[in-house]
Amino acid sequence: MAMDRAMEPGWEPGEPGEPGWARPGGALGARGLLALAVASGAAVWATWAVLLMPGFRRVPLRLQVPFQPSSPRQVANSLALLRGRAGKTVDLGSGDGRLVLEAYKQGLRPALGYELNPWLLCLANYRAWKAGYHGKVSFLKKDLWKVNLSDCHNVIVFLAPSVKPPLASKLLAELPDDARVVAGRYPFPSWTPSSTLGQGLDQVWAYDIKEVRREVQGSAQQSQL
Ligand SMILES: C[S@@+](CC[C@H](N)C(=O)[O-])C[C@H]1O[C@@H](n2cnc3c(N)ncnc32)[C@H](O)[C@@H]1O
């Protein structure tokens, strides 16, 4: 076997093209590159399927959003736009629970998160326990597209821009008139915010549903004329 021969004293690698020839400097060659590409693809897929997106089988692909945690500045800005408000606060896709925990800490109660990823639910519950909020905040394994939001007054959404249009329809159909929605990273493209805070990636936008409804109805009437 080549392995055994290679261990014999005086063994030299073959000439280019011969079996056992290795390019000087350890370059991989076509087969090595292919193996590396397959292994990297498998690693990326495994990370996606096992760590980031378990529990999402029943969610249509176009609505799936992977975990990308908010930065401390994004968390602070979001909660500043909800300061002093009453009623139920929810984070739609609560990840590791950081927004819900901070909301509770700042007096927004009850505070809860909907999340499908079981690893993130465990992490969020662990963080709640560590912060002394066990039993005070809730992280529920529910699909945000299937929960009814009619009793939510403060809604936080840190989701991809691709899901904003269907989410806008759901929020408009279900939220009470006095609800406020805070969006991080990407604004709702067809809504006018009542206020905004931060710059660049840290920017967050607040929308008062009553105002948004008035605007949407106004433009629907205009288009009928
Ligand atoms: C961009 S991350 C934001 C996490 C957290 N809100 C934060 O800002 O740190 C989006 C989260 O939504 C969750 N998610 C995506 N689609 C969901 C769905 N249909 N139902 C519940 N959670 C969902 C993902 O697992 C992910 O944790």
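Before reading on, note that the structure itself is shown above.
Quick notes on the rules
Along each chain, residue indices are assigned from 1 in the same order as the chain's sequence is written. Only residues with pLDDT of 70 or above have their local features reported here, since the model is predicted, and side-chain atom pairs are shown and tallied only from 80 upward, although totals for entire chains, interfaces and linings are computed over all residues. Only when DSSP finds a minimum of two bridges between them are two strands counted as paired. In this description a helix means any DSSP run of H or I spanning at least four residues, a strand means any run of E spanning at least two, and both kinds are numbered starting from the N terminus. Whether a crossover is right-handed comes down to one check: with the strands pointing away from the viewer, does the path from the first strand over the helix to the second run clockwise; if it does, it is right-handed. Being near a molecule or strand means, for a residue, that its backbone-placed C-beta atom lies within 6 Å of it. Ten residue types, Ala, Val, Leu, Ile, Met, Phe, Trp, Tyr, Cys and Pro, are classed as nonpolar, four, Asp, Glu, Lys and Arg, as charged, and the remainder, Gly among them, as polar. Three exposure classes are used, all based on how many other C-beta atoms lie within 10 Å of a residue's own C-beta (placed from the backbone): buried at 20 or more, exposed at 12 or fewer, and partly exposed between those limits. For helices, the fitted line uses only the C-alpha atoms of the stretch in contact; every axis is such a line through C-alpha atoms, and the angle between N-to-C directions lies from 0 to 180 degrees. For every residue pair, C-beta atoms are placed from the backbone, and the pair is scored as a contact if these atoms sit within 7 Å. Any nonpolar core is a set of buried residues, restricted to Ala, Val, Leu, Ile, Met, Phe, Trp, Tyr and Cys, that join up through C-beta atoms within 7 Å. To sort the angles, those under 35 degrees are grouped as roughly parallel, those over 145 as roughly antiparallel, those from 65 to 115 as roughly perpendicular, and the leftovers as oblique. Each helix crossing is assigned a hand: it is left-handed if the near helix lies turned anticlockwise from the far helix by less than a right angle, otherwise right-handed if that turn is clockwise.

Caption draft 1: Summary view of the pairing of strand β3 (residues 138-141). As paired elements, strand β2 (residues 111-115) and β3 share four bridges and run parallel to each other. Note that in β3 the partner of Gly-113 across the bridge is Phe-139. Since β2 and β3 lie parallel, the crossover through helix α5 (residues 118-130) that links them has a hand, and here it is right-handed.

Caption draft 2: Broad picture of the site of the ligand. Near the ligand you find 22 residues, and of these Phe-67, Ser-70, Gly-93, Gly-95 and Phe-158 are the closest. Among the elements of the structure, α4 (98-105) and β2 are those that each provide at least two residues to the shell around the ligand. Taken together, the residues that form the shell around the ligand break down as twelve nonpolar, six polar and four charged.

Caption draft 3: Inspection of the environment of Glu-115 at higher detail. Along the polypeptide, Glu-115 turns up in strand β2. Since 27 C-beta atoms lie within 10 Å of it, Glu-115 is described here as buried. Separated by 20 residues in sequence, Glu-115 and Gly-95 have C-alpha atoms that sit 6.4 Å apart.

Caption draft 4: A look at the sheet that holds strand β7 (residues 204-208). Spatially, β3-β2-β1-β4-β5-β7-β6 is the arrangement adopted by the seven strands of the open sheet, whose pairing is mixed. The open sheet has two free edges, formed respectively by β3 and β6 (195-197), since each of these has just one partner strand. On average, each strand axis in the sheet is inclined to that of its neighbour by 20°, with strand direction left out of account. In the sheet, strand β1 (residues 88-92) pairs with β2 via four bridges, with the strands oriented parallel. The residue bridging Val-90 from the neighbouring strand is Leu-112, located in β2. Across the face of the sheet, α4 comes into contact with β1, β2, β3 and β4 (152-157) while running at roughly 170° to β2.

Caption draft 5: Examining the nonpolar core more closely. Core analysis: the biggest nonpolar cluster contains 44 residues, and Val-100, Val-155, Val-157 and Val-181 have the highest contact counts within it. For this core, the element with the most residues is α4, which contributes five residues. With residues near it in sequence (within four places) discarded, Val-100 still touches Asp-91, Ser-94, Ala-111, Leu-112, Gly-113, Val-137 and Phe-139.

Caption draft 6: Region of the structure containing the packing of helix α3 (residues 72-80) against α4. Between α3 and α4, the shortest axis-to-axis distance is 10 Å and the interhelical angle comes to 45°. As judged from the angle between their axes, α3 and α4 are oblique. Judged by the sense of rotation from one axis to the other, the crossing of α3 with α4 is right-handed. Here α3 contributes Val-75, Ser-78 and Leu-79 to the contact with α4, which in turn contributes Arg-98, Leu-99, Glu-102 and Ala-103. Its residues assigned to classes, the contact of α3 with α4 comprises four nonpolar, one polar and two charged.

Caption draft 7: Up close: the pairing of β4. Counting buried positions along β4 gives five out of six residues, so the element sits mostly inside the fold. Here four bridges tie β1 to β4, and the two strands are oriented parallel to one another. If you follow Asp-91 over to β4, its bridge partner there is Ile-156. Inspection of the sheet shows β4 paired to strand β5 (residues 180-184) by four bridges, in the parallel sense. Note that in β5 the partner of Ile-156 across the bridge is Val-182. Where the polypeptide runs from β4 across helix α6 (residues 164-174) and back to β5, its parallel neighbour, the crossover connection is right-handed.

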